[in-house]
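Chain residues, written in single-letter form:
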Amino acid sequence: MRRILVGIKRVIDYNVRVRVRPDGTGVVTDGVKMSANPFDSIALEEALRLRERGEADEVLAVSVGPTEAQQQLRDALAMGADRAILVKADATLEPLAVARALLALVKRETPRLVILGKQAIDDDCSQTGQMLAALWERPQATSASKLEVQGEVARVTREVDAGLETLEVDLPAVITTDLRLNEPRYIKLPDIMKAKKKPLDVIELAALGVDAAPELKVLKFEAPPQRQKGIMVKDAGELVAALKQRGLT
């Protein structure tokens, strides 16, 4: 079966202002609206479009995270994914551990294509897709702003500093998506009802034999310093004087 595996991460909704806990141990999540990572929604939309064009037979949505991530997977099913898998992990995982979990599923599901968001808006690591491709020993193309699949080749257009870059990679491969690739479809109420009947399997991370031990130690979370109020200057000389006064020259 020509299957596309899509990663879905549960994150704080992009409209919510993130607040750091008073003790500096993380960010406040209690009572905060959570949603699918926007880049992952774009990845799912592209997978659905490929299926609609006859380039895939099944779209599988996968999330590695807490039990609550089932809500984001149900939304993915409502968008049009055929089935979903939650790899249950209560602790916050680093990109390498997530890549290892996805690799274990890739070996089980043998997808033709893996599409992930280029980064998650909570940590902005932008590492999971690249790590998965390296572990899988398959080609990758990152930050796709256009994706075409022709036979066993994927053609990816990327926006780079000099303009546009086009790559061709043999399938199976890993593709990560940029914001300009597409606009995800709106979820309708009838689709939400239908999604309740679609299969959603839950697998414990330990059952995949994945080493999830952290490689990094987070010492403290801090909010960015408050921006100072700007000033108006009359000319370049006054600007230089103001910069010198602030020790910036």
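What you are looking at is a predicted structure, and each value in this text was computed from that prediction instead of being measured. (Residues numbered from 1 in each chain as written. Predicted model: local features only at pLDDT ≥ 70, side-chain atom pairs only at ≥ 80, totals over all residues. Heavy atoms only, no water.)

(A) Quick look at the overall build of the chain. Along the backbone of the chain there are six helices and eleven strands. Structurally, the chain occupies a C-alpha span of about 70 × 45 × 40 Å along its principal axes. Here the chain holds 249 residues, and 43% of them are scored as buried. Taking the intrachain contacts of the chain between residues at least 6 apart in sequence as the baseline, contacts between residues at least 24 apart amount to 70%. Here the chain has roughly 14,600 Å² of accessible surface; of this, 51% comes from carbon and sulfur atoms. Separation of charge centres in the chain, based on 37 positive and 37 negative side chains, amounts to 4 Å. (Helix = DSSP H or I, 4+ residues; strand = E, 2+ residues; numbered from the N terminus. Buried < 20%, exposed > 50% of the residue type's maximum accessible area, 1.4 Å probe, protein only. Contact = heavy atoms within 4.5 Å. Areas by Shrake-Rupley, 256 points an atom, 1.4 Å probe, with all protein chains shown as cover. Lys, Arg positive; Asp, Glu negative; His and termini not counted. Charge placed at Lys NZ, Arg CZ, Asp CG, Glu CD.)

(B) Local environment of the nonpolar core. Counting residues in each nonpolar core, the largest one holds 37 residues, and the members touching the most others are Ile4, Val6, Ile8, Leu44, Leu113, Ile115 and Leu147. Ranked by the residues each element gives to this core, the list is headed by helix H1 (residues 38–52), at six residues. Beyond its immediate sequence surroundings of up to four residues, Leu147 is in contact with Glu46, Leu50, Arg53, Leu113, Ile115, Ala154, Arg155, Val156 and Leu181. Judged by nonpolar contacts, the second largest core, of 27 residues, contains Ala99, Val114, Ala133 and Val210. (Core = buried A, V, L, I, M, F, W, Y, C linked by side-chain atoms within 4.5 Å.)

(C) Just the layout of surface pockets, in detail. In this structure, the second largest pocket occupies an estimated 590 Å³ of space. Surrounding the second largest pocket, 23 residues form its lining, Tyr14, Ser35, Ala36, Ser41 and Pro184 being those nearest its centre. Those elements that provide at least two residues to the lining of the second largest pocket are strand S3 (34–36), H1 and helix H2 (70–79). Of the residues contributing to the lining of the second largest pocket, the split by class is 13 nonpolar, five polar and five charged. (1 Å grid on protein atoms, 1.4 Å probe; cavity = no way out; pocket = protein on both sides within 12 Å on 5 of 7 lines; lining within 4 Å. Points joined across faces, edges and corners; volume = space filled by probe spheres on them. Nonpolar A, V, L, I, M, F, W, Y, C, P; charged D, E, K, R; others polar.)

(D) The environment of Gly7, seen in detail. Relative to the assigned elements, Gly7 resides in strand S1 (residues 3–7). A relative accessible area of 9% means that Gly7 is categorised as buried. Considering only alpha carbons, one finds Gly7 and Ser63, 56 residues apart in sequence, at a separation of 5.8 Å.

(E) How the structure looks around the packing of helix H3 (residues 95–109) against helix H4 (residues 128–136). Relative orientation of the contacting elements H3 and H4 amounts to 50 degrees, with a least axis distance of 8 Å. In terms of their interaxial angle, H3 and H4 are classed as oblique. For the pair H3 and H4, the sense of crossing is right-handed. Counted together, Pro95, Leu96, Val98, Ala99, Arg100, Leu102, Leu103 and Val106 of H3 and Thr128, Met131, Leu132, Leu135 and Trp136 of H4 form the full contact between these two elements. Across the contact of H3 with H4, the residue classes break down as eleven nonpolar, one polar and one charged. (Axes fitted to C-alpha atoms, helices over the stretch in contact; angles between N-to-C directions. Parallel < 35°, antiparallel > 145°, perpendicular 65-115°, else oblique. Left-handed = near helix turned anticlockwise from the far one by under 90°.)

(F) Region of the structure containing the environment of Pro184. The residue Pro184 is located in the loop between strand S10 (173–177) and helix H5 (189–195) in this model. Along the backbone, Pro184 and Glu45 are 139 residues apart, and their C-alpha atoms lie at a distance of 5.3 Å. Apart from the residues within four sequence positions on either side, Pro184 is in contact with Ser41, Ile42, Glu45 and Met79.

(G) Seen up close, the sheet that holds strand S7 (residues 140–150). The mixed open sheet is built from nine strands, whose spatial order is S9-S8-S7-S10-S6-S1-S4-S5-S11. Of all the strands in the sheet, the pair left with one neighbour each is strand S9 (163–170) and strand S11 (200–204). Within the sheet, the average angular offset between the axes of one strand and its neighbour, ignoring direction, is 30 degrees. When strand S6 (residues 113–117) meets S10, the two strands line up parallel, connected through five bridges. Across the sheet, residue Val114 finds its bridge partner in S10, namely Val174. Taken strand by strand, H2 contacts strand S4 (58–65), strand S5 (83–88) and S11, and its axis lies near 165 degrees from that of S5. Packed on one face of the sheet, H3 meets S1, S4, S5, S6 and S11 and runs near 150 degrees to S4. (Pairing = 2+ DSSP bridges.)

(H) Spotlight on the pattern of salt bridges. With the rule as written, the count across this model stands at 20 salt bridges. When the shortest N-O distance is used, the salt bridge between Arg3 and Glu109 registers 3.9 Å. A residue pair is termed long-range when its members are at least 10 positions apart, and Arg3 in strand S1 and Glu109 in helix H3 qualify at 106 residues. On the basis of relative accessibility, which here comes to 12%, the residue Arg3 falls in the buried class. (Salt bridge = Lys/Arg side-chain N within 4 Å of Asp/Glu carboxyl O.)

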